[in-house]
Amino acid sequence: MASYHLSVKTIKRSAGRSATAAAAYRVGERIECQREGRVHDYTRKQGIEETFILTPKDAPDWASDRSRLWNEAEASETRRNSVTAREWELALPSEISAETRSQITRDFAQELVNRYGVAVDVAIHAPHREGDQRNHHAHVLTSTRKLEADGFTAKTRVLDSAKTGGVEIEQMRGLWAELQNRALERAGEVERVDHRSLEAQREAALERGDELSAEELDRDPELKLGPAANSMERRAKAIAERQGREYVPVTERGAVVHAARQARAAFREMRARLELARETYGIEREAGQGRVSAGLAALRAATAKDRNRTPDDFRERLARVVDRSRDQDDTPKPEGSNYARERLKEIMEKDAGRDGQSAVHKLDGHSEYDMGEGTGCEARKPSVNERLKDVLNKPREKLEIEDERDQEKEQEVEKDRDIDRDPGLSH
């Protein structure tokens with residue numbers, strides 16, 4: 001699933017960092033910092049897919065030389081607590097091709113050049129070999145001064161100011177979401193990213209009546225692991241994969257993040273099944289099927305989404321998410337078919353009237369004729385079908401005896417009628 005990430009960080013001297021070291025590490029090159037007199041050699045770094053530099057049109061020729069570019073950026077700053085570079089960290093969608101990821105990153109970098117007049121150094125990284133293989137990302141390093149024909153000039157105060165910095169960054173966040181969504185649409189993907197906060201997304205979902213999405217968005221933002229915990233969790237995942245066992249987080253932060261991701265995955269799966277059931281139901285109804293038939297087809301479609309996973313597997317996943325298990329339930333439950341029968345009896349007994357009691361009585365193994373004194377109900381007269389079956393199942397001799405009895409009763413009835421007739425009346 002495509003996810004949105006854009007963070008902006010500053011390279012500060014007060015934190016012991018330099019633009020030359022940051023650039024060398026991100027692009028995997030060797031850069032000698034003239035101000036520090038140190039060599040930053042990261043040529044052995046792996047996972048770097050592409051690097052390029054973008055500059056304004058009137059920038060000097062030396063701006064295309066990475067070592068010269070960032071040494072000039074360092075030289076333009078004289079204070080010991082200066083901010084010498086700004087980094088934009090971008091998550092790239094794994095659902096699109098490498099060429100498309102490169103293009104949207106280039107488009108974003110070019111917008112930074114056009115908007116702020118800065119130099120931009122881009123490094124696109126592949127996913128870490130021990131981490132999530134969907135984690136394509138880019139490091140976009142920019143100067144903090146405008147780059148003009150004479151070199152670095154004025155500071156980009158619009159990004160530094162407390163009043164305008166947040167607004168500018170939010171606009172760039174929106175641009176990055178738009179670039180990704182266009183690429184996802186061209187690739188035929190249904191997933192989209194959203195740069196807004198979870199609260200803003202939830203309010204928008206409620207306004208359009210999408211309560212399911214609003215429920216999914218009603219959560220806290222994901223906790224950041226940090227470099228140390230992230231490294232420990234990556235190693236734990238790699239070991240678990242090699243040993244063929246389930247990954248178990250080894251840090252407290254890792255456990256929180258893992259549980260949150262499991263919860264979101266379970267919710268997305270339930271939502272996908274619900275949407276599939278709704279779609280199937282609509283198609284079956286349009287095809288002329290009744291409500292029951294369409295409902296059964298929808299149920300089959302939802303349950304057939306993953307044949308290899310049983311309902312128990314799914315319930316156990318949800319139980320692990322909320323730190324519950326079946327052993328924690330103190331309520332005693334009958335097992336097997338007894339539990340199902342008892343639950344059905346409870347439901348039936350809630351219904352008023354004799355029909356519900358009759359069903360419960362039959363469920364306990366009694367026939368309808370057994371009802372009466374034992375159940376507190378009046379004996380029911382046999383229906384026509386039951387009487388017919390009773391007749392067909394009786395032996396022939398018994399039928400003849402009963403037939404003679406019926407004839408005798410009819411003769412007695414005729415005699416009574418003759419006695420009651422008035423001889424003076426004509427019929």
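Residues numbered from 1 in each chain as written. Predicted model: local features only at pLDDT ≥ 70, side-chain atom pairs only at ≥ 80, totals over all residues. Heavy atoms only, no water.

Q: An account of the packing of helix 1 (residues 19-27) against helix 2 (residues 66-75) is requested, with residue identities and associated values reported.
A: Packed helices, taken two at a time, are described by the angle between their axes plus the distance between the axes. Put simply, helix 1 and helix 2 touch, their axes get as near as 8 Å, and they point 150 degrees apart. Taken as axis vectors, helix 1 and helix 2 run roughly antiparallel relative to one another. Residue-level contacts link Ala19, Thr20, Ala23 and Val27 of helix 1 to Arg66, Trp70, Asn71 and Glu74 of helix 2. Residues that form the contact of helix 1 with helix 2 fall into these classes: 4 nonpolar, 2 polar and 2 charged. (Axes fitted to C-alpha atoms, helices over the stretch in contact; angles between N-to-C directions. Helix = DSSP H or I, 4+ residues; strand = E, 2+ residues; numbered from the N terminus. Parallel < 35°, antiparallel > 145°, perpendicular 65-115°, else oblique. Contact = heavy atoms within 4.5 Å. Nonpolar A, V, L, I, M, F, W, Y, C, P; charged D, E, K, R; others polar.)

Q: Which residues make up the pattern of salt bridges, and what values do they have?
A: All chains considered together, the criterion is met by 18 salt bridges. A salt bridge links Arg145 to Glu77; the shortest N-O distance between them is 2.8 Å. One end of the pair, Arg145, is in strand 8 (residues 145-148); the other, Glu77, is in the loop between helix 2 and strand 5 (83-92), and 68 residues separate them in sequence. Residue classification places Arg145 among the buried residues on the basis of a relative accessible area of 19%. A salt bridge links Arg115 to Glu168, with the shortest nitrogen-to-oxygen separation between them at 2.9 Å. Taken together, the residues span a long stretch of sequence, with Arg115 in helix 3 (residues 98-116) and Glu168 in helix 5 (residues 165-186) at a distance of 53 residues. Given a relative accessible area of 33%, Arg115 falls into the partly exposed group. A residue is classified by how much of its surface remains accessible, and Glu168, at 14% relative accessible area, is buried. Residues joined by salt bridges that share partners form a network here, namely Arg13, Arg35, Glu36 and Glu74. (Salt bridge = Lys/Arg side-chain N within 4 Å of Asp/Glu carboxyl O. Buried < 20%, exposed > 50% of the residue type's maximum accessible area, 1.4 Å probe, protein only.)

Q: Describe in detail the side chain of Thr144, supporting the description with residues and values.
A: Take Thr144: it is sitting in the loop between strand 7 (136-143) and strand 8. By relative accessible area, Thr144 is classed as buried at 3%. A distance of 3.1 Å separates the side chain of Thr144 from the backbone oxygen of Val83, its partner in a polar contact. A distance of 3.0 Å separates a polar atom in the side chain of Thr144 from a polar atom in the side chain of Lys155. Beyond its immediate stretch of four places on either side in the chain, Thr144 contacts Glu77, Val83, Thr84, Ala85, Arg86, Ala154, Lys155 and Thr156. (Polar contact = N/O pair within 3.5 Å; in protein donor to acceptor, adjacent residues only side chain to side chain.)

Q: Any chance you could break down the nonpolar core for me, citing the residues and the numbers?
A: Counting 28 residues, the largest nonpolar core has Trp88, Phe108, Leu112, Val120 and Trp176 as the members making the most contacts within it. Setting aside residues up to four positions removed in sequence, Val120 forms contacts with Phe52, Ile53, Leu54, Ala109, Leu112, Val113, Val140, Leu141 and Thr142. Within the second largest apolar cluster, 17 residues are counted, among which are Ala24, Ala63, Trp70 and Ala119. (Core = buried A, V, L, I, M, F, W, Y, C linked by side-chain atoms within 4.5 Å.)

Q: Go over the confidence of the model for the protein chain with me, naming the residues and quoting the values.
A: Of all residues in the protein chain, 70% attain a pLDDT of 70 or more, and the chain-wide mean is 78. At the level of individual helices and strands, the protein chain shows its lowest average pLDDT in helix 13 (residues 354-363), which scores 43, and its highest in strand 6 (residues 120-125), which scores 98. Low pLDDT, under 50, characterises residues 321-337; the stretch is placed with 11 contacts to residues that sit more than four places away or in other chains. The low-confidence segment residues 394-400 (pLDDT under 50) makes 3 contacts with residues lying over four places distant or belonging to another chain. (pLDDT = per-residue confidence, 0-100.)

Q: Describe the packing of helix 3 against helix 5, and please don't skip the residues or the numbers.
A: It is the contact of helix 3 with helix 5, at a shortest axis distance of 10 Å, that shows an interaxial angle of 150 degrees. As the angle between them shows, helix 3 and helix 5 are arranged roughly antiparallel. Here helix 3 and helix 5 pass one another in a crossing that is right-handed. When helix 3 is examined against helix 5, the residues Thr100, Ile104, Thr105, Asp107, Phe108, Glu111, Leu112, Arg115 and Tyr116 are found in contact with a partner set consisting of Glu168, Gln171, Met172, Leu175, Trp176, Leu179, Gln180, Ala183 and Arg186. Tallied by class, residues from the contact of helix 3 with helix 5 come to 9 nonpolar, 4 polar and 5 charged. (Left-handed = near helix turned anticlockwise from the far one by under 90°.)

Q: Could you give me a rundown of helix 10 (residues 291-303), with the residues and numbers involved?
A: Helix length check: helix 10, at 13 residues, gives a terminal C-alpha distance of 18 Å against a target of 18 Å (1.5 Å per residue), a fit within 8%. For helix 10, the full list of buried residues reads Ala294, Ala297, Ala298 and Ala302. All buried residues of helix 10 lie within an arc of 135 degrees about the axis, which places them on one face of the element. Exposed and oriented more than 90 degrees from the buried face of helix 10 are Val292, Leu299 and Arg300. (Expected span 1.5 Å × (residues − 1). Arc of directions from axis to C-beta.)

Q: Kindly report on the pairing of strand 8, identifying the contributing residues and their values.
A: In the sheet, strand 8 pairs with strand 9 (residues 151-155) via 3 bridges, with the strands oriented antiparallel. The partner of Leu147 across the bridge, within strand 9, is Phe152. The hairpin turn running from strand 8 into strand 9, its antiparallel successor, is 2 residues long. (Pairing = 2+ DSSP bridges.)

Q: How would you summarise the sheet that holds strand 6 if you had to cite specific residues and measurements?
A: Sheet architecture is open: 5 strands sit in the order 1-5-7-6-4, paired in antiparallel fashion. Each edge of the open sheet carries a strand with a single partner, namely strand 1 (6-12) and strand 4 (48-54). Each strand axis lies, on average, 20 degrees off the axis of its neighbour in the sheet, ignoring direction. In terms of strand pairing, strand 1 meets strand 5 through 7 bridges, oriented antiparallel. From the neighbouring strand, Leu6 faces strand 5, where its bridge partner is Leu90. Seen against the sheet, helix 1 touches strand 1, strand 4, strand 5, strand 6 and strand 7 and runs at an angle of roughly 35 degrees to strand 6. Seen against the sheet, helix 5 touches strand 1 and strand 5 and runs at an angle of roughly 30 degrees to strand 5.

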